[in-house]
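Now for the letters of each chain:
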Amino acid sequence: MSKFFFSSIGQKFFMSITGIFLMLFLIVHLTINSLLLIGDGELFNKAANFMGTNPIMKVIEPILALGFILHIFYAGYITLKNQKARPKKYKVSSNTKVSWASDNMFVLGGLITIFLIIHLANFFWKVKFGTVATISYDGGSTEIHDLYALVAGLFKNWWWYDILYIVGVVFLFLHLTHGFWSAFQTIGWNNNKWLNRLKLIGYVYSVIIGGGFASIPLFFLIKYIL
Ligand code: HEM
């Protein structure tokens, strides 16, 4: 089994599986976050607190962390190994158009990791290990974390955080435009007919995820700062 983990096919397989898992997480995360744009934050607070406290999410959280760690670990390992094997990049095929994103997946992944560390320090860390204000929607019998105040407090008051998040999301968008179809190609959808379809679906997915996440800091920037 350990042979498979470090074989070329095993590495690509784990990159793909962890990548697909992270792409599913992004859909859920964006769905909850889009509630930040509706009303006074009650819907977002209720949904985010439900996600943060229900037992299923408690099991998924460490799996998610492992997904990120494995994805980053294998990306570094594969890139270093490839660099050693061929210091000079070769052309895959004379008529294959390689996008800028596909050529720079490691760099984009590194930039997203830096963004993610800042992002986790901004929100996740404070929720888990710091103190976050609470709010009650039922006259005081239950208090839940006021995550809306935490997010809005950052995006309403610091324009450069808005810009930082938008830039981080642009890196994510570029990473996904290649990562989406590449992941599905690796796990077997690699015939010509499916490749073109996957590229299109991947592009639509990347625009929704990129545009969706970017719209949140953009909303606070335009409404409260500009
Ligand atoms: C405008 C954009 C975003 C906002 C407002 C936002 C908001 C949040 C908040 C409030 C939390 C803490 C939730 C809690 O602990 O209860 C969180 C956690 C997290 N975010 Fe984001 N996020 C954004 C974009 C992203 C992006 C682009 C990624 C991935 C590249 C990401 C990955 C994560 C991860 C891994 C966690 C920790 C797991 C979790 O608590 O769900 N976020 N985010």
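Relevant structure appears above.
Residues numbered from 1 in each chain as written. Predicted model: local features only at pLDDT ≥ 70, side-chain atom pairs only at ≥ 80, totals over all residues.

A. Summary view of the overall build of the chain. Regarding its fold elements, the chain presents nine helices and two strands. When its C-alpha atoms are laid out on the principal axes, the chain stretches across 65 × 45 × 30 Å. A burial count over the chain gives 20% of its 226 residues as buried. (Helix = DSSP H or I, 4+ residues; strand = E, 2+ residues; numbered from the N terminus. Buried ≥ 20, exposed ≤ 12 C-beta atoms within 10 Å, placed from the backbone.)

B. Region of the structure containing the site of the ligand. In the vicinity of the ligand, 18 residues are found, and the nearest of them are Gly52, Phe123, Phe124, Val127 and Ile216. Listing elements by their share of the shell around the ligand, those giving two or more residues are helix H2 (8-33), helix H3 (42-53), helix H6 (105-129), helix H7 (147-157), helix H8 (159-186) and helix H9 (192-225). Classifying every residue of the shell around the ligand gives 14 nonpolar, four polar and no charged. (Near = placed C-beta within 6 Å. Nonpolar A, V, L, I, M, F, W, Y, C, P; charged D, E, K, R; others polar.)

C. Seen up close, the environment of phenylalanine 220. In this structure, phenylalanine 220 sits in helix H9. Residue class for phenylalanine 220 comes out buried when judged on the 24 C-beta atoms lying within 10 Å of it. Sequence-wise, phenylalanine 220 and alanine 152 are 68 residues apart; in three dimensions their C-alpha atoms are separated by 7.4 Å. Each residue touching phenylalanine 220, except ones within four places of it in the same chain, is listed here: Ala152, Phe155, Lys156 and Asp162. (Contact = placed C-beta atoms within 7 Å.)

D. Local environment of H2. Taking 1.5 Å of rise per residue, 26 residues should cover 38 Å, and H2 covers 37 Å from first to last C-alpha, within 8% of that figure. Of all the positions in H2, only Phe14, Met15, Ser16, Thr18 and Gly19 are classed as buried. Of the surrounding elements, those touching the buried residues of H2 are helix H4 (55-85) and H8. (Expected span 1.5 Å × (residues − 1).)

E. Focus on the packing of H2 against H4. One can describe the packing of H2 onto H4 by two numbers: an axis separation of 9 Å at closest approach and a directional angle of 140°. With respect to H4, the element H2 is oriented oblique. Relative to H4, H2 is oriented so that their crossing is left-handed. Contact with H2, carried on its side by Gln11, Phe14, Met15, Thr18, Gly19, Phe21, Leu22 and Phe25, involves Leu64, Gly67, Phe68, Leu70, His71, Tyr74, Ala75, Tyr77 and Ile78 of H4 and no other residues of that element. For the contact of H2 with H4, the class distribution of residues is twelve nonpolar, five polar and no charged. (Axes fitted to C-alpha atoms, helices over the stretch in contact; angles between N-to-C directions. Parallel < 35°, antiparallel > 145°, perpendicular 65-115°, else oblique. Left-handed = near helix turned anticlockwise from the far one by under 90°.)

F. Quick peek at the environment of alanine 75. Looking at the secondary structure, you find alanine 75 in helix H4. For the pair alanine 75 and phenylalanine 106, spaced 31 residues apart in sequence, the C-alpha to C-alpha distance is 6.7 Å. Aside from chain neighbours lying at most four places away, what touches alanine 75 is Met15, Phe106 and Gly109.

G. Looking closely at the packing of H4 against H6. With their axes 11 Å apart at the nearest point, H4 and H6 run at an angle of 145° to one another. In the packing of H4 onto H6, the handedness of the crossing is left-handed. Only Phe106, Gly109 and Thr113 of H6 make contact with H4, whose side of the interface consists of Ile72, Ala75 and Thr79. For the contact of H4 with H6, the residue count by class is three nonpolar, three polar and no charged.

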